[in-house]
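Okay, here's what each chain looks like letter by letter:
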Number of protein chains: 2
Amino acid sequence: MGNAYNVMAATCPSRTVLHRIGARWTVFIVNALDHGPMRFTELKAHIRGITSKALTETLRAMEYDGLVSRTEIPAHPPHVEYALTDLGRSLLTPLRAVREWAESHVPDIERARAQADAQR
Amino acid sequence: MGNAYNVMAATCPSRTVLHRIGARWTVFIVNALDHGPMRFTELKAHIRGITSKALTETLRAMEYDGLVSRTEIPAHPPHVEYALTDLGRSLLTPLRAVREWAESHVPDIERARAQADAQR
DNA sequence: GGATACCGGTATCGAATCTATACCGTCCGG
DNA sequence: CCGGACGGTATAGATTCGATACCGGTATCC
């Protein structure tokens, strides 16, 4: 397909994109929103171990990049809903693959770590 | 396929795995080693902007996890060669997808950022 | 109407991490 | 003996992260 961007170049904008994708919690949020929109507190409960601060910051950054949308719903009680945009949804495929790789290769990596530890 | 690990659980070992994959430079190293083994200085030149320290640390961590192998070659002049292991090679597919997503969606994200900036 | 709890966050601070810069020992060719 | 390539370390400063505490608005219960 020959696109114009190359992540290996230091000045390439794709660096900042990759930096955002690689950020601590982005993978989790994208995967969590896979099955539909979620509220702030729902997300926080679903992604175990994330703090309010980290969640807020990551969501704001992803919103800035056009990956998620934030909608305040004025119903009673009012609440906030986060959802993947089309762009965010397109990121789902590669990131789901990464998540699946991680989940399915845990034993291999634990074995490698144990072996490296034993070697010393 | 129903594997036993779930990244959403805070205590799950897949978290540490995902954390390593998501580390600043791992994606670059895996992609760089796609086409065969490389030396330290070769890698450093190829991945623009990485410092010796970051490269050393990332390579050590990846070696610990069994993703890359480090071989000192006693030829003259002696040098060090880094290569993907089988495990590392299996990570190539998902990470290449991420890289390609990043490279091909730069314009979308830049547009989103510009629009978000303009909105304020 | 007063107390209480939930929602969606901020504020703050110390700890961990990353970057930049400088330096180093070994080997080799000239 | 001089200089440069290789494969790193050392150190300091900037940045980011996580833990903890707090907060204003809205329902709900009594």
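Residues numbered from 1 in each chain as written. Chains lettered and ligands numbered in written order. Predicted model: local features only at pLDDT ≥ 70, side-chain atom pairs only at ≥ 80, totals over all residues. Heavy atoms only, no water.

Trainee: Would you take a moment to explain the packing of helix H1 (residues 14-21) of chain A against helix H5 (residues 86-104) of chain B for this structure?
Mentor: Where H1(A) meets H5(B), the closest approach of the two axes is 8 Å, and the angle between their N-to-C directions is 130 degrees. Judged by the angle between their axes, H1(A) and H5(B) are oblique. The two elements H1(A) and H5(B) meet at a crossing, and its hand is right-handed. Side by side, H1(A) and H5(B) meet where A:Ser14, A:Val17, A:Leu18 and A:Ile21 of the first sit next to B:Val98, B:Trp101, B:Ala102 and B:Glu103 of the second. Each residue belonging to the contact of H1(A) with H5(B) can be placed in one class, and the counts come to six nonpolar, one polar and one charged. (Axes fitted to C-alpha atoms, helices over the stretch in contact; angles between N-to-C directions. Helix = DSSP H or I, 4+ residues; strand = E, 2+ residues; numbered from the N terminus. Parallel < 35°, antiparallel > 145°, perpendicular 65-115°, else oblique. Left-handed = near helix turned anticlockwise from the far one by under 90°. Contact = heavy atoms within 4.5 Å. Nonpolar A, V, L, I, M, F, W, Y, C, P; charged D, E, K, R; others polar.)

Trainee: How should I be thinking about the protein's contact with DNA strand C in this particular structure?
Mentor: A:Thr41, A:Arg70, A:Tyr82, B:Lys53 and B:His76 are the nearest of the 16 residues found near DNA strand C. Counting only atoms of DNA strand C within 4 Å of the protein, the sugar-phosphate share comes to 75%. Interatomic distance of 2.9 Å between a backbone N/O atom of A:Val80 and a phosphate oxygen of DNA strand C. A:Tyr82 is positioned such that a nitrogen or oxygen atom in its side chain is 2.7 Å from a phosphate oxygen of DNA strand C. Counting residues per element, the ones that place at least two in the surface near DNA strand C are helix H3 (40-46), helix H4 (52-64) and strand E3 (79-84) of chain A. Sorting elements by how many residues they give to the surface near DNA strand C places H4(A) first, with four residues. By residue class, the composition of the surface near DNA strand C is four nonpolar, six polar and six charged. (Near = heavy atom within 4 Å. Polar contact = N/O pair within 3.5 Å; in protein donor to acceptor, adjacent residues only side chain to side chain.)

Trainee: What is the right way to look at the protein's contact with DNA strand D in this model?
Mentor: What surrounds DNA strand D is a group of 18 residues, the closest being A:Lys53, A:His76, B:Arg70, B:Val80 and B:Tyr82. Taking B:Arg70, its side chain carries an N or O atom lying 2.8 Å from a phosphate oxygen of DNA strand D. The separation between a phosphate oxygen of DNA strand D and a polar side-chain atom of B:Tyr82 is 2.8 Å. Those elements that provide at least two residues to the surface near DNA strand D are helix H3 (40-46), helix H4 (52-64) and strand E3 (79-84) of chain B. Looking at the surface near DNA strand D, its residues break down into six nonpolar, six polar and six charged.

Trainee: Teacher, can you tell me more about the pattern of salt bridges here?
Mentor: Here the idea is simple: oppositely charged side chains can pair when their charged atoms come close. Residues and elements named next belong to chain A. Inspection of every chain in the model, using the stated rule, returns 15 salt bridges over all chains. Between Asp 34 and Arg 96 there is a salt bridge; the shortest N-O distance is 2.9 Å. Taken together, the positions of Asp 34 in the loop between helix H2 (26-32) and strand E1 (38-39) and Arg 96 in helix H5 (residues 86-104) put the pair 62 residues apart, joining distant regions of the chain. On the basis of relative accessible area, Asp 34 is assigned to the partly exposed category, the value being 25%. (Salt bridge = Lys/Arg side-chain N within 4 Å of Asp/Glu carboxyl O. Buried < 20%, exposed > 50% of the residue type's maximum accessible area, 1.4 Å probe, protein only.)

Trainee: Any chance you could explain the relation of the copies chain B and chain A here in plain terms?
Mentor: Rotating chain B by 180 degrees and translating it 0.0 Å along the rotation axis places it on chain A, where the RMSD comes to 0.1 Å. What we have between these two chains is a two-fold relation. No C-alpha of chain B lies nearer the rotation axis than that of B:Gly22, which sits 2.5 Å from it. Taken together, the interface assignments show that 100% of the residues at the interface of chain B recur at the interface of chain A, consistent with an identical surface on both copies. (Least-squares fit on C-alpha atoms with pLDDT ≥ 70 in both.)

Trainee: Got a minute to help me understand the sheet that holds strand E1 (residues 38-39) of chain B in this structure?
Mentor: Paired through their backbone hydrogen bonds, the strands of a sheet run either parallel or antiparallel. Residues and elements named next belong to chain B. With antiparallel pairing, three strands are arranged side by side in an open sheet as E1-E3-E2. Two strands bound the open sheet, and with one partner strand each, they are E1 and strand E2 (68-73). Note: E1 against E3, two bridges, orientation antiparallel. When the bridges of E3 are listed, Met 38 appears paired with Tyr 82. Docked against the sheet, H4 engages E2 and E3, running at close to 110 degrees with respect to E2. (Pairing = 2+ DSSP bridges.)

Trainee: Even after reading the chapter, I still don't get the environment of B:Thr56, so can you show me in this structure?
Mentor: All names here are of chain B. Examined against the element boundaries, Thr 56 turns out to sit in helix H4. Taking the relative accessible area as the measure of exposure, Thr 56 reaches 27% and is therefore partly exposed. Sequence separation of Thr 56 and His 35 is 21 residues, and the distance between their C-alpha atoms is 20 Å.

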